[in-house]
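Structural description and commentary
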Amino acid sequence: DWPPVSDRNPTAWKQAVDALAANHDRLVQLAAKLSDLQLNEKVAGRDYNVYFLLHGLVQHCLYHAGQIAVLKKK
């Protein structure tokens, strides 16, 4: 869940975007190190494996990138 936004100034926005980019980079680094065996492991409490989870995450990010592109056109 997303925390409430209390500070809406440009500096706070830049910090939020920078944190998102840093977390994205960290995820990419971690995912790149996963072995085939690790990708096939089930996600705790779920009926799918890590490979499926990562694909879903990519699809989720692309969906939101598309939303941003539409908003920027307006």
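These figures come from a predicted structure and were not determined experimentally. (Residues numbered from 1 in each chain as written. Predicted model: local features only at pLDDT ≥ 70, side-chain atom pairs only at ≥ 80, totals over all residues. Heavy atoms only, no water.)

Within the protein one finds three helices and zero strands. Along the protein, helices and strands appear, N-terminal first, in the series α-α-α. Relative to a compact globule of 74 residues, whose C-alpha radius of gyration would be 11 Å, the protein shows 16 Å and is clearly more extended. Taking the principal axes of its C-alpha atoms as reference, the protein extends roughly 45 × 25 × 25 Å. The buried share of the protein, reckoned over its 74 residues, is 5%. Just so you have it, the protein exposes about 7100 Å², and 62% of that area is on carbon and sulfur atoms. Averaging the coordinates of the 9 positive side-chain charges in the protein and doing the same for the 7 negative ones gives two points 9 Å apart. (Helix = DSSP H or I, 4+ residues; strand = E, 2+ residues; numbered from the N terminus. Rg over C-alpha atoms; globule rule 2.2 N^0.38 Å. Buried < 20%, exposed > 50% of the residue type's maximum accessible area, 1.4 Å probe, protein only. Areas by Shrake-Rupley, 256 points an atom, 1.4 Å probe, with all protein chains shown as cover. Lys, Arg positive; Asp, Glu negative; His and termini not counted. Charge placed at Lys NZ, Arg CZ, Asp CG, Glu CD.)

Taken as a whole and assessed by the stated rule, the structure comprises one salt bridge. Between Lys14 and Asp18 there is a salt bridge, with the nearest N and O atoms lying 2.8 Å from each other. Taken together, the positions of Lys14 and Asp18, both in helix 1 (residues 10-32) and four residues apart, correspond to about one turn of that helix. Using a relative accessible area of 39% as the deciding quantity, one classes Asp18 as partly exposed. (Salt bridge = Lys/Arg side-chain N within 4 Å of Asp/Glu carboxyl O.)

Turning next to the packing of aromatic side chains. Summed over the entire model, instances satisfying the criterion amount to one aromatic pair. Ring geometry for Tyr48 and Phe52: centres 5.2 Å apart, planes at 45°, overall tilted. When its relative accessible area of 27% is taken as the criterion, Tyr48 is described as partly exposed. The exposed category is assigned to Phe52, whose relative accessible area is 52%. (Phe/Tyr/Trp six-rings, centres within 6.5 Å; stacked < 30°, edge-to-face > 60°.)

Looking now at the confidence of the model for the protein. The share of residues in the protein with pLDDT of 70 or more is 99%, and the mean pLDDT across the chain is 94. Mean pLDDT values for the elements of the protein range from 94 in helix 1 up to 98 in helix 2 (residues 36-40). (pLDDT = per-residue confidence, 0-100.)

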